[in-house]
Amino acid sequence: MRKTVIRASHVTRNLKLGAHIVHALRGVDLAIYENEMVGIIGPSGSGKSTLLGIIGGLDSPTDGKIEIDGIDITTMNEGQLTDIRNQKIGFVFQFFNLIPTLTALENVALPIEFAQVRRHKPFNRAKELLDMLGLGGRFHHRPNELSGGQQQRVAIARALANDPPILLADEPTGNLDSHSGETVLAALKTIRDENGTTVVMVTHDQSLASQMDRVLTLVDGRITNGIADEVAI
């Protein structure tokens, strides 16, 4: 039986904008499995990034529950959520958020140096990840010396530095040309295949989404297709 690593149960998120309430998510139920690669698509404003942020503990639902590896994170305080994020979740965003004064190697090593429990020697792990992502010749290049696709692969390596079993990616190819986007997707597939990482990617690119194991479509805060067999009850 497949292990469920992410479960959402009846998740809603209401946002107050002036005198109006925006219903960003309207009762989302889903289950995502270990070693699965899932795409989340939908029109602008459909709730994709909101859902990803709630799954990652960056935002809280108005109602409902999120479980990561069977642990309910919904009622956790910020310190507990920080621990969960450090141990179980890596984040990749559309904007690379690399530190411009640091080399690729230093950017990737940084999360390990700040980890409460170090599982690796920072620079050894950074070299291993950059090699895996085809950047072995770019260890000492700073972000402004790298292409957009190379910067995104550095960002992916940084997200994986502490071995998170889950990688959440929010429009990771949004600022890239089609060739660089395919390169980034290939890197995510390699990570899934070699490390067993569960990858959840928000994307507007249908061609990339079509290469996922499964695609969830959000429309007006509701999933309209692609729900797993074992949905939350």
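As the structure is a prediction and not an experimental result, all values here were calculated from the model.

About the thresholds
- Residues numbered from 1 in each chain as written.
- Predicted model: local features only at pLDDT ≥ 70, side-chain atom pairs only at ≥ 80, totals over all residues.
- Heavy atoms only, no water.
- pLDDT = per-residue confidence, 0-100.
- Helix = DSSP H or I, 4+ residues; strand = E, 2+ residues; numbered from the N terminus.
- Contact = heavy atoms within 4.5 Å.
- Expected span 1.5 Å × (residues − 1).
- Buried < 20%, exposed > 50% of the residue type's maximum accessible area, 1.4 Å probe, protein only.
- Pairing = 2+ DSSP bridges.
- Axes fitted to C-alpha atoms, helices over the stretch in contact; angles between N-to-C directions.
- Phe/Tyr/Trp six-rings, centres within 6.5 Å; stacked < 30°, edge-to-face > 60°.
- Core = buried A, V, L, I, M, F, W, Y, C linked by side-chain atoms within 4.5 Å.
- Salt bridge = Lys/Arg side-chain N within 4 Å of Asp/Glu carboxyl O.

(A) Region of interest: the confidence of the model for the chain. On average, residues of the chain score 89 in pLDDT, and 96% of them are at 70 or above. Looking at the elements of the chain, mean pLDDT is at its lowest for helix 7 (residues 206-209), recorded as 86, and at its highest for strand 4 (residues 63-68), recorded as 96. This model gives residues 227-233 a pLDDT under 50, and the stretch forms 19 contacts once residues within four places in sequence are excluded.

(B) Region of the structure containing helix 5 (residues 148-159). Relative to the 16 Å expected for 12 residues at 1.5 Å per residue, helix 5 spans 17 Å between its end C-alpha atoms, a close match to the ideal helical length. The element helix 5 is extensively covered by neighbouring structure, given that 10 of its 12 residues are classed as buried. Taken together, the buried positions of helix 5 are Gly149, Gln150, Gln151, Gln152, Arg153, Val154, Ala155, Ile156, Ala157 and Ala159. Elements that come into contact with the buried residues of helix 5 comprise strand 6 (89-93), helix 3 (104-114), helix 4 (122-132), strand 7 (166-170) and helix 6 (178-195).

(C) The arrangement of the sheet that holds strand 2 (residues 20-33) in detail. Pairing within the open sheet is antiparallel, and its four strands lie in the order 2-1-4-5. Every other strand in the sheet has two partners, leaving strand 2 and strand 5 (71-72) as the edge strands with one partner each. Bridge count between strand 1 (residues 4-17) and strand 2: 11 bridges; the pairing is antiparallel. By the bridge assignment for strand 2, isoleucine 6 is matched with isoleucine 32. Packing of helix 1 (residues 48-55) onto the sheet brings it into contact with strand 1, strand 2 and strand 4, and relative to strand 2 it is tilted by some 60°.

(D) Up close: the packing of aromatic side chains. Tallied over the entire structure, the rule returns one aromatic pair. Considering the side-chain rings of phenylalanine 91 and phenylalanine 93, the 6.0 Å spacing of their centres and the 0° angle between planes classify their relative orientation as stacked.

(E) Layout of the nonpolar core. If you look at the biggest cluster of nonpolar residues, it comprises 33 residues, and the most contacted ones within it are Val108, Leu130, Val154, Ile156, Leu167, Leu188 and Met201. Within the residue set of this core, elements represented by two or more residues are helix 3, helix 4, helix 5, strand 7, helix 6 and strand 8 (198-202). In this structure isoleucine 156 touches Val92, Leu133, Leu167, Val184, Leu188 and Ile191, once residues within four positions along its chain are discounted. Counting residues in hydrophobic clusters, the runner-up holds 28 residues, among them Val5, Leu30, Leu51 and Leu81.

(F) The arrangement of the pattern of salt bridges in detail. Taken as a whole and assessed by the stated rule, the structure comprises nine salt bridges. A salt bridge links aspartate 69 to lysine 88; the nearest nitrogen and oxygen atoms lie 3.0 Å apart. Of this pair, aspartate 69 sits in the loop between strand 4 and strand 5 while lysine 88 sits in helix 2 (residues 78-88), and the two are 19 residues apart along the sequence. For lysine 88, a relative accessible area of 16% gives the class buried. Put simply, arginine 85 and glutamate 78 hold a salt bridge, and the shortest N to O gap is 2.5 Å. Since its relative accessible area comes to 13%, arginine 85 is described here as buried.

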